[in-house]
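# Secondary and tertiary structure notes
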Amino acid sequence: NGRSKLSLEEMSEQEIEVFNKWRKPKMKVVFICTSNKDRSPALEKYFKKVYPQHTFSSAGVNQYFCGKKDTKYLTIETLTGADVIVFAEKIHHDIALRDFGRSWRDDRQHKWVTELNLGEYEKGNINEDYLVRADMKIGWAFKKDNDVCV
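To start, this report covers the structure provided alongside it. Everything numeric here is computed off the predicted structure, so don't read it as measured data. (Residues numbered from 1 in each chain as written. Predicted model: local features only at pLDDT ≥ 70, side-chain atom pairs only at ≥ 80, totals over all residues. Heavy atoms only, no water.)

## Things to note about the pairing of strand 1 (residues 28-33)
Of all six residues in strand 1, five are buried, a share of seventy percent or more. In the sheet, strand 1 pairs with strand 2 (residues 55-60) via six bridges, with the strands oriented parallel. Counterpart to C33 in the pairing with strand 2 is G60. Remark: the strand 1/helix 2 (residues 39-50)/strand 2 crossover connection has right-handed handedness. Examined bridge by bridge, strand 1 and strand 3 (residues 84-87) share four bridges and lie parallel to one another. By the bridge assignment for strand 3, F31 is matched with V86. (Buried < 20%, exposed > 50% of the residue type's maximum accessible area, 1.4 Å probe, protein only. Helix = DSSP H or I, 4+ residues; strand = E, 2+ residues; numbered from the N terminus. Pairing = 2+ DSSP bridges. Right-handed = clockwise from strand over helix to strand, strands pointing away.)

## What to know about the sheet that holds strand 1
Judged by pairing direction, the sheet is parallel, and its four strands sit side by side in the order 2-1-3-4 without closing on themselves. In this open sheet, the two edge strands, each paired with only one partner strand, are strand 2 and strand 4 (112-115). Strand-to-strand twist in this sheet, taken as the mean axis angle between neighbours without regard to direction, amounts to 20°. (Axes fitted to C-alpha atoms, helices over the stretch in contact; angles between N-to-C directions.)

## Looking at the pattern of salt bridges
The full count for this structure, using the stated rule, is five salt bridges. Residues R39 and E89 are paired through a salt bridge, measuring 2.3 Å at the closest nitrogen-oxygen approach. With R39 in helix 2 and E89 in the loop between strand 3 and helix 5 (90-100), the pair connects residues that are 50 residues apart, well separated along the chain. According to the relative accessible area criterion, E89 is partly exposed, its value standing at 29%. Of the charged contacts, one joins R98 and D99 as a salt bridge, the two residues approaching to 2.7 Å between their closest N and O atoms. (Salt bridge = Lys/Arg side-chain N within 4 Å of Asp/Glu carboxyl O.)

## Focus: a positive patch on the surface
A cluster of like positive charges, contributed by K37, K68, K69 and K123, occupies part of the molecular surface. Position of K68 relative to the elements: it lies in helix 3 (residues 63-69). Of the residues examined, K68 reaches a relative accessible area of 60% and is grouped as exposed. (Patch = residues over 30% accessible without salt bridge, like charges linked within 9 Å, V, L, I, M, F, W, Y side chains within 5 Å. Areas by Shrake-Rupley, 256 points an atom, 1.4 Å probe, with all protein chains shown as cover. Lys, Arg positive; Asp, Glu negative; His and termini not counted. Charge placed at Lys NZ, Arg CZ, Asp CG, Glu CD.)

## Structural notes on the environment of K24
Counting through the fold element by element, K24 comes out in the loop between helix 1 (13-22) and strand 1. The exposure class of K24 is partly exposed, given its relative accessible area of 40%. Excluding anything up to four places from it in sequence, K24 contacts H54 and D83. (Contact = heavy atoms within 4.5 Å.)

Functional significance is not addressed by these values, which are geometric in nature.
Dropping the structure here:
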């Protein structure tokens, strides 16, 4: 399906080699969920604290809810300006593809696009367990080492 693997364990040696070629010491990362109210802002705050060498932001894919809750709505500029795009769920990835086409997924732009798919969470209360599970899945990508090893 063309989507990047999520965790280091799921990546082949060839995928890790490609990842290492575009990996930067300071990356722009965006977390995306439905309305930018719970998951993506919590992930942004957590990862800013744990990996301060990178720049983190967040956005939501539902324009109505983002407007109603006065949160940041996803734009094509947000997608094209990021080195790493992390969708909370597959549906958010699908909506971004539907609303913005595939231009931001152009492989020549060397982006790492992935989905967390961590399952249920308590709305209004993203707990430490959710954040730690996210870190366990994708935190390896933000470590200070120059290369990721198998």
